[in-house]
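Breakdown of the fold
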Amino acid sequence: MKHYLLLPLFVLLVMSVPAAQAHDGGIESLKQTGKAFASVARRVSPSVVFIQTESIEETRGYGGFRSPFSDDLFRHFFGDSFPGFPERKPRERRQRKVGQGSGFVFSLDNGIHRERAYILTNNHVIDGADRITVTFKDGHELDATVKGTDPQSDIAVLEVGVSDVPALSLGDSASLEVGEWVVAIGNPFGLSHTLTAGVVSAKGRSSLGINDYEDFIQTDAAINPGNSGGPLVNLEGEVVGINTMIIAAGQGIGFAIPVDQAKSIITQLRSDGQVTRGWLGVTIQDLKGDLAEYYGIDGKSGVMVADVVAGDP
């Protein structure tokens, strides 16, 4: 009788061991994932900068209290010579505007920059700025100059005089897979060196109406105003994208410029200050759907030359 009473207890004990081991294994796996993110933060953060911009905008206006005597309707009936009618002239005003964003020190050949460092960011972060200041994680602040800009791709390269700054290496965005872990580091709302993690949600996103050249990486790693220009990196700490934009009405929908697209651009910006592109002189449309059906074209790929620009190549 005792033999049969002990058997279920023995089975219960044997079954509980794998369950406990699985539980401990899951916790250990999560710990290792957390350590991987922490390692990325330590490696990448010293190369990420907080960018602040200042610009002076000149405006013309009357300002102050608007008297009824200066109303256009009053002028229409009584003219400018009516006694007591005040003559008002528009005043020029100079208004100081400030902006902020992110950027990172990059290197086409891995290593540490000495004497001069180059910073990659978005063109829209520094566009029109009269002064650009970059702040490193250790609080070191420097004035930056624009080395080159490319509004069509929304990429800009800045230059600062600094020694012994670690630079991020540029990875391979073509090898990214949907579902792969990525990390965004930047300065959302001025919160310096904020890290967020997520996955690659999609690749090859285009037709968003932002840049002339669009081939975005979509990610659910949280990107907010101020993250623009910051790096999107893989778990090895290599830059795979430049965080650029969000969909305001969406939650967890951010976009980054693939680093493979940026490589040739930043090489030209660093050496020449501008980008030279070939121009075919035609307007094209995707040949698919109703358009392909209308022309009786089989298949789902191809383009149609919709227009030829006169006088161009």
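Please read all numbers here as calculations on a predicted model, not as lab measurements.

1. What to know about the packing of aromatic side chains
- Within this structure, the stated rule accounts for three aromatic pairs.
- Both rings, one in Tyr294 and one in Tyr295, keep their centres 5.0 Å apart while their planes meet at 90°; by these two values the pair is edge-to-face.
- Above the ring of Tyr118, the side-chain terminus of Arg270 is found at 5.2 Å from the ring centroid.

2. Looking at the nonpolar core
- Phe104, Phe106, Leu120 and Ile155 are the most contacted members of the largest nonpolar core, which has 27 residues in total.
- Listed by contribution, the elements that provide at least two residues to this core are α1 (2-44), β2 (91-107), β4 (116-121), β7 (155-161), β10 (181-186), β14 (239-246), β15 (254-258) and α4 (259-272).
- One finds Val125, Leu142, Val165 and Ala167 within the second-largest nonpolar core, a separate group that totals 18 residues.

3. Brief notes about the environment of Gly252
- Topologically, Gly252 is positioned in the loop between β14 and β15.
- Its relative accessible area of 37% is what places Gly252 among the partly exposed residues.
- Through-space distance from the C-alpha of Gly252 to that of Asp220 is 4.4 Å; in sequence the pair is 32 residues apart.
- Leave out the neighbours within four places in its chain, and Gly252 touches Thr219 and Asp220.

4. Considerations on the layout of surface pockets
- There is about 190 Å³ of room inside the largest pocket.
- For the largest pocket, the full set of lining residues is Gln100, Gly101, His124, Val125, Ile223, Asn224, Pro225, Gly226, Ser228, Thr244, Met245 and Ile246.
- Breaking the lining of the largest pocket down by element, the ones donating at least two residues are β2, α3 (123-126) and β14.
- Estimates place the volume of the second largest pocket at around 160 Å³.
- Taken together, Thr53, Glu54, Ser55, Lys97, Val98, Gly99, Gln100, His124, Val125, Asp127 and Ala129 form the lining of the second largest pocket.
- If you list the elements that add at least two residues to the lining of the second largest pocket, you get β1 (48-61), β2 and α3.

5. A short note on the sheet that holds strand β13 (residues 231-233)
- The antiparallel closed barrel is built from six strands, whose spatial order is β10-β11-β12-β15-β14-β13. Averaged over all pairs of adjacent strands, the angle between their axes in this sheet comes to 45°, without regard to strand direction.
- Lying on the sheet, α4 is in contact with β14 and β15; it crosses β15 at an angle near 50°.

6. Some details on a positive patch on the surface
- A surface patch of positive charge is lined by Lys31, Lys35, Arg42 and Arg43.
- If you trace the backbone, Arg43 turns up in helix α1.
- Given a relative accessible area of 42%, Arg43 falls into the partly exposed group.

7. Details of the pattern of salt bridges
- Across all of its chains, the model carries four salt bridges by this definition.
- With a closest N to O distance of 3.4 Å, Arg116 and Glu159 form a salt bridge. Of the two residues, Arg116 sits in strand β4 while Glu159 sits in strand β7, which places them 43 residues apart along the sequence.
- We classify Arg116 as partly exposed; its relative accessible area is 36%.
- Judged by relative accessible area, which is 15%, Glu159 ranks as buried.

Conventions adopted
- The numbering scheme is per chain: residues are counted from 1 as the chain's sequence reads.
- Local features in this predicted model are restricted to residues of pLDDT 70 or higher, and side-chain atom pairs are both shown and tallied only at a pLDDT of 80 or more, whereas totals for entire chains, interfaces and linings draw on every residue.
- Here the side-chain values reflect all heavy atoms present in the structure, with hydrogen atoms and water set aside.
- Aromatic pairs are defined between Phe, Tyr and Trp rings, using the six-membered ring for Trp, whenever the two ring centres lie within 6.5 Å; interplanar angles under 30 degrees are classed as stacked, those over 60 as edge-to-face, and all others as tilted.
- By the criterion adopted, a ring carries a charge over it if an Arg CZ or a Lys NZ lies within 6 Å of its centre and within 35 degrees of its normal.
- The criterion is simple. A nonpolar core is a set of buried Ala, Val, Leu, Ile, Met, Phe, Trp, Tyr and Cys residues joined through side-chain atoms within 4.5 Å.
- Partly exposed describes any residue whose relative accessible area lies between the buried limit of under 20% and the exposed limit of over 50%, with all areas from a 1.4 Å probe on protein chains only and scaled to the type maximum.
- In this description a helix means any DSSP run of H or I spanning at least four residues, a strand means any run of E spanning at least two, and both kinds are numbered starting from the N terminus.
- Whether two residues are in contact is decided by their heavy atoms: any pair within 4.5 Å suffices.
- Note on definitions: the grid is 1 Å and covers protein atoms alone; a cavity is a set of points where a 1.4 Å probe fits but cannot get out; a pocket is an open set with protein on both sides within 12 Å along at least five of seven lines; lining residues have an atom within 4 Å of a point.
- Grid points are joined across faces, edges and corners, and a volume is the space filled by probe spheres set on the points.
- Note on pairing: two strands pair once DSSP finds at least 2 bridges between them.
- Axes, fitted as lines to C-alpha atoms, cover a helix only where it is in contact. Angles between the N-to-C directions of the axes lie from 0 to 180 degrees.
- Like charges within 9 Å and nonpolar side chains (Val, Leu, Ile, Met, Phe, Trp, Tyr) within 5 Å are joined into patches, using only residues over 30% in relative accessible area that form no salt bridge.
- Residue-level accessible areas treat just the shown protein chains as cover; the underlying method is Shrake-Rupley with a 1.4 Å probe.
- For this document, the term salt bridge refers to a Lys or Arg side-chain nitrogen within 4 Å of an Asp or Glu carboxyl oxygen.
- As used throughout, the charge tally considers Lys and Arg to be positive and Asp and Glu to be negative, leaving His and the chain termini uncounted.
- Where a charge lies is defined by one atom per residue type: Lys uses NZ, Arg uses CZ, Asp uses CG and Glu uses CD.

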